[in-house]
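# Analysis of the macromolecular model
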Amino acid sequence: MGTLRVKLVRSPIDFPRDQKATLRALRLTKMNRERELPDNPSVRGMIRKVEHLVQIVEVKE
């Protein structure tokens with residue numbers, strides 16, 4: 001598959017605990033932090049859960 005670049009663009013304050021836990025699992029703990037993650041179904045599912053808090057860019061290889 002490929003990789004996804006995910007950036008935390010909105011604070012998780014006042015959002016449910018499970019969404020905060022999902023961000024921690026994605027290692028997005030601070031604002032404007034970016035991570036490159038593998039493009040697989042489990043990561044896509046986590047991103048879908050917090051898509052209102054992050055920005056996603058597909059990395060072309």
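Higher on the page you've got the structure.
Description of the structure in this document. Since this is a predicted model, take the numbers as computed values, not measurements. (Residues numbered from 1 in each chain as written. Predicted model: local features only at pLDDT ≥ 70, side-chain atom pairs only at ≥ 80, totals over all residues. Heavy atoms only, no water.)

### Some points on the pattern of salt bridges
Following the criterion strictly, the structure yields four salt bridges and no others. Between glutamate 34 and arginine 5 there is a salt bridge whose closest N-O contact spans 3.7 Å. Of the two residues, glutamate 34 sits in strand 2 (residues 34-38) while arginine 5 sits in strand 1 (residues 3-8), which places them 29 residues apart along the sequence. The shortest N-O distance in the salt bridge between aspartate 18 and lysine 49 comes to 3.0 Å. Taken together, the residues span a long stretch of sequence, with aspartate 18 in helix 1 (residues 17-25) and lysine 49 in helix 2 (residues 41-49) at a distance of 31 residues. Overall, the relative accessible area of 37% leaves lysine 49 in the partly exposed class. (Salt bridge = Lys/Arg side-chain N within 4 Å of Asp/Glu carboxyl O. Helix = DSSP H or I, 4+ residues; strand = E, 2+ residues; numbered from the N terminus. Buried < 20%, exposed > 50% of the residue type's maximum accessible area, 1.4 Å probe, protein only.)

### Notes on the sheet that holds strand 1
Taken in spatial order, the three strands make up an open sheet running 2-1-3, and their pairing is antiparallel. Looking at which strands have only one partner, the edges of the open sheet turn out to be strand 2 and strand 3 (54-59). Averaged over all pairs of adjacent strands, the angle between strand axes in this sheet comes to 25 degrees, irrespective of strand direction. Here strand 1 pairs with strand 2 via five bridges, running antiparallel. Each bridged residue has a counterpart across the sheet, and for threonine 3 the counterpart in strand 2 is proline 38. (Pairing = 2+ DSSP bridges. Axes fitted to C-alpha atoms, helices over the stretch in contact; angles between N-to-C directions.)

### Concerning the nonpolar core
Leu4, Val6, Leu8, Leu23, Leu26, Leu28, Leu37, Val43, Ile47, Val50, Leu53 and Val54 form the largest nonpolar core, which has twelve residues in total. Residue assignment for this core shows that the elements contributing at least two residues are strand 1 and helix 2. By residue number, the principal contributor to this core is strand 1, which donates three residues. Each residue touching leucine 37, except ones within four places of it in the same chain, is listed here: Gly2, Thr3, Leu4, Val6, Leu26 and Val43. (Core = buried A, V, L, I, M, F, W, Y, C linked by side-chain atoms within 4.5 Å. Contact = heavy atoms within 4.5 Å.)

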